[in-house]
Amino acid sequence: MRSFKDYLIFAGDESKATADELKTELGSELGEIKITQFPDTERLVKVSSNIKGRNVIYIKSTPHNKKLNQAEHTIELFSTIHAMVNNGVEKIILIIPYYAHARQDKKFKFGETNSAEMVAETLNCLGKGHIKELYTIDAHFNREPGKYKFFNTSIDTYNITAVKELAKYIKTNFKLKNPRIVIPDKGQQPTHEYIKQIFDTDFIFLSKQRFGPREVKITCDQDTLMLKDSDMLIFDDMISTGTTLEKSIEWLKSKNVNRIFIAATHLMYPIIKGTNDSEEIGAKLREAGATAIISADTTGIKENGHISIVPLIKKALLSQKDWA
Ligand code: R5P
């Protein structure tokens, strides 16, 4: 079994609580990063601990939250890696619980970029061979748990899934009636096995067509299913505007189901300039008919997470084969 006792653990502000728990679990020590800001909003990263020749774990989640947007988090990630390499770090194990710029994970139309690939290539370039391992959690561009090819990079990259823990949480905390699993987007197949380990029941696959950020059409070709009076458990990787889930709930309600539970690894709190679109999303989904919304604390907001990602990260780091 690997040991991380001689590692220093660093974290972005949003992931401090996660790093603190992980440090205790691994018997490592915390390192210090200081961030200051110039009047024109340029942010300066300083790795205050001496990392020359040392191995480090760096946890940086990149969701948009009240303090920073995705781009600001990502620049902080890049700056910190740059500072670590410039200060003589030996080996970096990078953990990105929520990987920003991942929804544009393909070049869908002529002229577009692939943003997830752009982040990957930049990390690879800045890391100069020192980023030896990267861990993501239910990454949008790779739902398959375990080792995967991180675009065109040579970084050993692993995806951890939180869905099994989310399923366990629902099973333990609610008395369910004839539960059925709902997947709002057929593309999410790789994690089904993990849900099945907890709920050996029918899966309902919805088809999602997206016409815009808040325009989603849900259909299903399994219309013959009798869902009446069953508790429905919807699993998705993330909640952003909540539109996918709101429309899925509408479809389910038209089938006279019993209660509807939502499990999503990443719970975003979008703060979109010029709108009031923020914490209202949970309220909107409950109003639409969700009994409970269960999520992991990948964005670093511990109060939002019903399950902690720390045990999952610990298992993955130690065993390099346990991804759920
Ligand atoms: C899409 O590929 C994802 O799996 C989520 O369903 C989607 O990103 C959620 O976004 P929203 O909450 O805005 O519908």
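Residues numbered from 1 in each chain as written. Predicted model: local features only at pLDDT ≥ 70, side-chain atom pairs only at ≥ 80, totals over all residues. Heavy atoms only, no water.

Things to note about the layout of surface pockets
Part 1: Its boundaries defined by the atoms lining it, the largest pocket holds a volume of some 890 Å³.
Part 2: Surrounding the largest pocket, 32 residues form its lining, Arg103, His140, Lys208, Arg210 and Thr244 being those nearest its centre.
Part 3: Mapped by element, the contributors of at least two residues to the lining of the largest pocket are strand E12 (207-212), strand E14 (232-239) and helix H6 (243-253).
Part 4: Ranked by residues supplied to the lining of the largest pocket, first place goes to E12 with five residues.
Part 5: Of the residues in the lining of the largest pocket, the class split is eleven nonpolar, eleven polar and ten charged. (1 Å grid on protein atoms, 1.4 Å probe; cavity = no way out; pocket = protein on both sides within 12 Å on 5 of 7 lines; lining within 4 Å. Points joined across faces, edges and corners; volume = space filled by probe spheres on them. Helix = DSSP H or I, 4+ residues; strand = E, 2+ residues; numbered from the N terminus. Nonpolar A, V, L, I, M, F, W, Y, C, P; charged D, E, K, R; others polar.)

Remarks on the site of the ligand
Part 1: Taken together, 15 residues lie around the ligand, and Asp236, Asp237, Thr241, Gly242 and Thr244 are the ones closest in.
Part 2: A distance of 2.9 Å is found between an oxygen atom of the ligand and a backbone nitrogen or oxygen belonging to serine 240.
Part 3: One of the side-chain N or O atoms of threonine 241 is found 2.5 Å from an oxygen atom in the ligand.
Part 4: Within the complex, the protein chains bury 93% of what would otherwise be the 380 Å² of accessible surface of the ligand. (Near = heavy atom within 4 Å. Polar contact = N/O pair within 3.5 Å; in protein donor to acceptor, adjacent residues only side chain to side chain. Areas by Shrake-Rupley, 256 points an atom, 1.4 Å probe, with all protein chains shown as cover.)

What about helix H2 (residues 70-86)?
Part 1: For H2, with 17 residues, the first-to-last C-alpha span of 24 Å sits near the 24 Å given by 1.5 Å per residue.
Part 2: Listing the buried residues of H2 in full gives Gln70, His73, Thr74, Glu76, Leu77, Phe78, Thr80, Ile81, Ala83, Met84 and Val85.
Part 3: Phi turns positive one or two residues past the end of H2, at glycine 88, with a value near 85°. (Expected span 1.5 Å × (residues − 1). Buried < 20%, exposed > 50% of the residue type's maximum accessible area, 1.4 Å probe, protein only.)

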